[in-house]
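What follows is the residue order along each chain.
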Amino acid sequence: MWIYAGVTKLGNRLLTTQSIEAYEIFTPYWSHLLAGLIGPLEIAGGLLLLLGIKLRPTGWVSVVVLLLFIIGLASAYSRGLQIDCGCFGSNPDSSPADLLWAIARDVGLTAVTLFMIYRPFKKFALYP
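So, how was this worked out
Here the residue index of a chain counts from 1 through its sequence in written order. Restriction of local features to residues with pLDDT of at least 70 applies here, the model being predicted, together with a cutoff of 80 or more for giving and counting side-chain atom pairs; totals for whole chains, interfaces and linings are based on all residues. Hydrogens and water are ignored here; the side-chain numbers use all heavy atoms of the structure. In DSSP terms, a helix is any run of H or I states spanning at least four residues, a strand is any run of E spanning at least two, and both are numbered starting from the N terminus. Each residue's exposure class comes from its accessible area (1.4 Å probe, protein chains only) as a fraction of the maximum for that residue type: buried when under 20%, exposed when over 50%, partly exposed otherwise. UniProt positions are given in the numbering used here, feature names are shortened, and annotations may be inferred rather than shown by experiment. Note on patches: the residues involved have over 30% relative accessible area and no salt bridge, like charges join within 9 Å, and the nonpolar side chains Val, Leu, Ile, Met, Phe, Trp and Tyr join within 5 Å. The Shrake-Rupley method, run with a 1.4 Å probe sphere, supplies the accessible areas, and residue values consider only the shown protein chains as cover. The salt bridge criterion pairs a side-chain nitrogen of Lys or Arg with a carboxyl oxygen of Asp or Glu, the two atoms within 4 Å. Comment: axis = line fitted to C-alpha atoms, over the contacting stretch for helices; angle = value between 0 and 180 degrees taken between N-to-C directions. Each angle gets one of four labels, with under 35 degrees taken as roughly parallel, over 145 as roughly antiparallel, 65 to 115 as roughly perpendicular, and the rest as oblique. When the near helix sits turned anticlockwise from the far one by under a right angle, the crossing is termed left-handed; a clockwise turn instead gives a right-handed crossing. Contacts are assigned to residue pairs with any non-hydrogen atoms lying within 4.5 Å of each other. Any residue that is not Ala, Val, Leu, Ile, Met, Phe, Trp, Tyr, Cys, Pro, Asp, Glu, Lys or Arg is counted as polar, Gly included; the first ten are nonpolar and the last four charged. In these notes, a set of buried Ala, Val, Leu, Ile, Met, Phe, Trp, Tyr and Cys residues joined through side-chain atoms within 4.5 Å is what counts as a nonpolar core.

### Quick look at the environment of Q82
Point 1. Checked against the element boundaries, Q82 lands in the loop between helix 4 (55-78) and helix 5 (96-118).
Point 2. For Q82, a relative accessible area of 57% puts it in the exposed group.
Point 3. In this structure the C-alpha to C-alpha distance between Q82 and A97, which are 15 residues apart in sequence, comes to 9.2 Å.

### A closer look at the UniProt feature "transmembrane region" (unreviewed entry) in the chain
Point 1. Under the UniProt annotation, the feature "transmembrane region" (unreviewed entry) is placed at residues 29-53, 60-79 and 99-118.
Point 2. Across residues 60-79 one finds 95% helix and 0% strand; the C-alpha atoms that close the span lie 29 Å apart.

### Some details on a nonpolar patch on the surface
Point 1. Taken together, the side chains of I25, F26, Y29, W30, L33, L37 and L41 present a nonpolar region at the surface, about 740 Å² in accessible area.
Point 2. Checked against the element boundaries, L41 lands in helix 3 (residues 28-51).

### Focus: the packing of helix 3 against helix 4
Point 1. At their nearest, the axes of helix 3 and helix 4 sit 9 Å apart, and the two run at 140° to each other. Here helix 3 lies oblique to helix 4, going by the angle between them. Judged by the twist between their axes, the crossing of helix 3 over helix 4 is left-handed. Contacts from I38, E42, G45, L48 and L49 of helix 3 reach helix 4 at L55, T58, G59, S62 and F69.
Point 2. Per-class residue counts for the contact of helix 3 with helix 4 are five nonpolar, four polar and one charged.

### Brief notes about the nonpolar core
Point 1. Among the nonpolar cores identified, the biggest contains eleven residues, and these are Y23, I70, L73, A76, L81, I83, C85, C87, L99, A102 and I103.
Point 2. Looking at this core, the elements that each hand over two or more residues are helix 4 and helix 5.
Point 3. Apart from residues lying up to four places away in sequence, Y23 is in contact with G72, L73, A76, R79, L81, I83, D84 and C85.

### Side note on the environment of A44
Point 1. If you trace the backbone, A44 turns up in helix 3.
Point 2. Given the relative accessible area of 35%, A44 is considered partly exposed.
Point 3. Distance in space between the C-alpha atoms of A44 and W2 is 8.4 Å, their sequence separation being 42 residues.

This is the structure in structure tokens:
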């Protein structure tokens, strides 16, 4: 999931910046800065999880990032913003229900990540 989300942001810095600005949380400068960082960081985190390198620390970073995304999505929903979450590229036909779906998806991913942290599959993990 992290790798796919990161790949959709690579080469789409303008769309990613616009998605971040739509949340009305960051200034244009910070939105542009985050747009350049978020894709490569998502890919790096996804690769670490996929390869089983430092599963627990990487899992905790993943949980923190997911919680920050959930907070941002909930903030946008509670303020009545009708925006695309920007999670997997741009979708101009988004609705408030899409924000709720994104929150539910991220809560599920957080639960799966917490399970992985406490019960890692050690056979292929390089370091749990």
